[in-house]
Amino acid sequence: MQDFAEAFRLAFGLVAAMDANLVEIIGLSLRVSLTAVLVAAVLGMPLGALLATVRFPGRRAVVIVVNALMGLPPVVVGLLVYMALSNAGPLGFLQFLYTPAAMIIAQSILITPIVAALTRQIIEEMNFEYAEQFASLSVPWHTRIIALISDARYALLTVLLAGFGRAIAEVGAVIIVGGNIAHLTRVMTTAIALETSKGDLALALALGIVLLVIALLVNAAVMSLRAGAERRAHA
Amino acid sequence: MLDQPVARSATQLPLAVAGLCFRAGGSTLINELDLILTDHGITVVMGPNGAGKSLLVRLLHGLIEPQSGSIDWNGKGCGQHTRLRQAMVFQKPVLLRRSVAANVDFVLRLKGIADRERLEQLLAQANLLAKADQPARALSGGEQQRLALARALASDPDVLFLDEPTASLDPSSTQTIETAIAEASGRGVKIVLVTHDAGQARRLANDVVFIHRGAVIEHAGADGFFKQPASMAARDYLAGKLVI
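Residues numbered from 1 in each chain as written. Chains lettered and ligands numbered in written order. Predicted model: local features only at pLDDT ≥ 70, side-chain atom pairs only at ≥ 80, totals over all residues. Heavy atoms only, no water.

### As for the layout of surface pockets
The computed volume of the largest pocket comes to approximately 180 Å³. Lining the largest pocket are 14 residues, with A:E129, B:F90, B:K92, B:P93 and B:V94 positioned closest to its centre. Broken down by element, the residue count for the lining of the largest pocket peaks at four residues, all from helix α5 (residues 100-136) of chain A. Here the residues of the lining of the largest pocket are counted per class, giving five nonpolar, three polar and six charged. (1 Å grid on protein atoms, 1.4 Å probe; cavity = no way out; pocket = protein on both sides within 12 Å on 5 of 7 lines; lining within 4 Å. Points joined across faces, edges and corners; volume = space filled by probe spheres on them. Helix = DSSP H or I, 4+ residues; strand = E, 2+ residues; numbered from the N terminus. Nonpolar A, V, L, I, M, F, W, Y, C, P; charged D, E, K, R; others polar.)

Encoded structure:
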């Protein structure tokens, strides 16, 4: 119990002192996860909107696959990305293995299906509501998709939040493709795993506290933004 | 009743509908319907609940496909190409999750017009200029319907369909909408108005199409229809009796 309290005391000390090592790890974690969210948004949102608005043969099968991919096991993604980026793999020439780029790729693969599937659900409901009006106005399909994404923007923020939550808390894939190399690919989750195994509970706990605070802050920011929009009847 | 307007909608009329059938769920909702509209002005579509009025305007606007029969707008058939010069106001307006001005601006931009003056003119006509920056969905029911009409008129249509646009609205909003309809008709826009409100039909109609059980029972000039309806169903309907 005393060790536990001591670990907490040391952890708050590290956070309060803005320990350089801690700041570096937090910075890299945010950079990797936010970039992955950006990639997932660019790929997943248009894909979800397309699936919601365009009818084509096999669409139902694609929807099922995208939904199923939401539950991709991170270690499997890590392994596949590792194989693709290793020297013997098809993308080995990129020399991305054990770099933040590899971690971004792995996290993007993990969260793009989440963004696509949730976007499809939101846009499909809105498209159902708008469909007759858009048909009456003869709105072209690309304008329709842009309008739907624009009008669903506050609901889609929650989708990005879900993606960010998955990315920032993910450990299995990034440890395989990043290697948890100090000052290069060490992020909060991999550092927590490492420091815990070394018995340095203070640093692990400090990182855990920061991870929780980031999750809380991002959630609070998105929720307040959405609540504000709903009050203004935009959502 | 209004004077016959300038023939702006000449490119769309005449409308010839022949043998139109629409079935759903094992029921025939539109049954061998024939209709010819040659005159400009305001055509009011009346009939008891479930007669097929709303379905008919959706078919004429090309929003749904009939199982058989033909709809022909001045030799051009019916589809997206004819819909481009038409607009529709639905009974329950579907407003975009944007501001009042942005809803109208969406249609103006769609038609390749980015004209602030035109936008303000349309909002002023709908008595909504003061609420231009407010969220459209925060408006009252009457204001929402006025906005839906302003948005429909923003597309500068030759034909405007209105599906019970004033149902459940307060008299003031009803008057604003009726004035806008009359003004649009005065500019030569062909109006096809579905209404249950016999008073509204008397105020606005040039001609009346009376529908019962998915077929046109009577199509006559408004004066003749209201003074001496030819069919028993129309007489009963205007007398306030249940028409089954």
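### Comments concerning the sheet that holds strand β2 (residues 27-37) of chain B
Residue and element names in this part refer to chain B. Across the sheet, three strands lie side by side as β2-β1-β4; this open sheet has antiparallel pairing. Every other strand in the sheet has two partners, leaving β2 and β4 (68-73) as the edge strands with one partner each. Taking the axes of each pair of neighbouring strands and ignoring which way they run, one obtains an average angle of 20° across the sheet. In the sheet, strand β1 (residues 15-24) pairs with β2 via seven bridges, with the strands oriented antiparallel. Along β2, the bridge assignment pairs V17 with L35. Each of β1, β2 and β4 touches helix α1 (residues 53-61); the most contacted strand, β1, lies at about 120° to it. (Pairing = 2+ DSSP bridges. Axes fitted to C-alpha atoms, helices over the stretch in contact; angles between N-to-C directions. Contact = heavy atoms within 4.5 Å.)

### Some thoughts on the sheet that holds strand β5 (residues 86-89) of chain B
Residue and element names in this part refer to chain B. Here six strands make up an open sheet; going across it, the order is β5-β6-β7-β3-β8-β9 and the pairing mixed. Looking along the sheet, the strands with just one partner apiece sit at the ends: β5 and β9 (215-221). Strand-to-strand twist across the sheet, computed as the mean angle between neighbouring axes with direction ignored, equals 15°. Against the sheet, helix α5 (residues 141-154) contacts β5 and β6 (159-163), and its axis sits at roughly 175° relative to β5.

### Topic: the packing of helix α2 (residues 20-53) of chain A against α5(A)
Residue and element names in this part refer to chain A. Relative to each other, α2 and α5 sit at 35°, their axes nearing to 5 Å. In this structure, α2 crosses over α5, and the sense of that crossing is right-handed. Looking at the contact of α2 with α5 residue by residue, the classes come out as 20 nonpolar, ten polar and three charged. (Left-handed = near helix turned anticlockwise from the far one by under 90°.)

### Notes on empty space enclosed by the protein
Residue and element names in this part refer to chain B. The final tally for this structure, using the stated rule, is two cavities of 30 Å³ or more. In this structure, the largest cavity occupies an estimated 50 Å³ of space. Residue lining of the largest cavity: L122, Q125, A126, R146, L149, A150, L153, T176, I177 and A180, and that is the complete set. Contributing elements (two or more residues each) for the lining of the largest cavity: α4 (116-125), α5 and α6 (171-186). It is α5 that contributes the most residues to the lining of the largest cavity, four residues altogether. Residue composition of the lining of the largest cavity, grouped by class: seven nonpolar, two polar and one charged. Of the voids in this model, the second largest cavity is the one considered here, and its volume is about 40 Å³.

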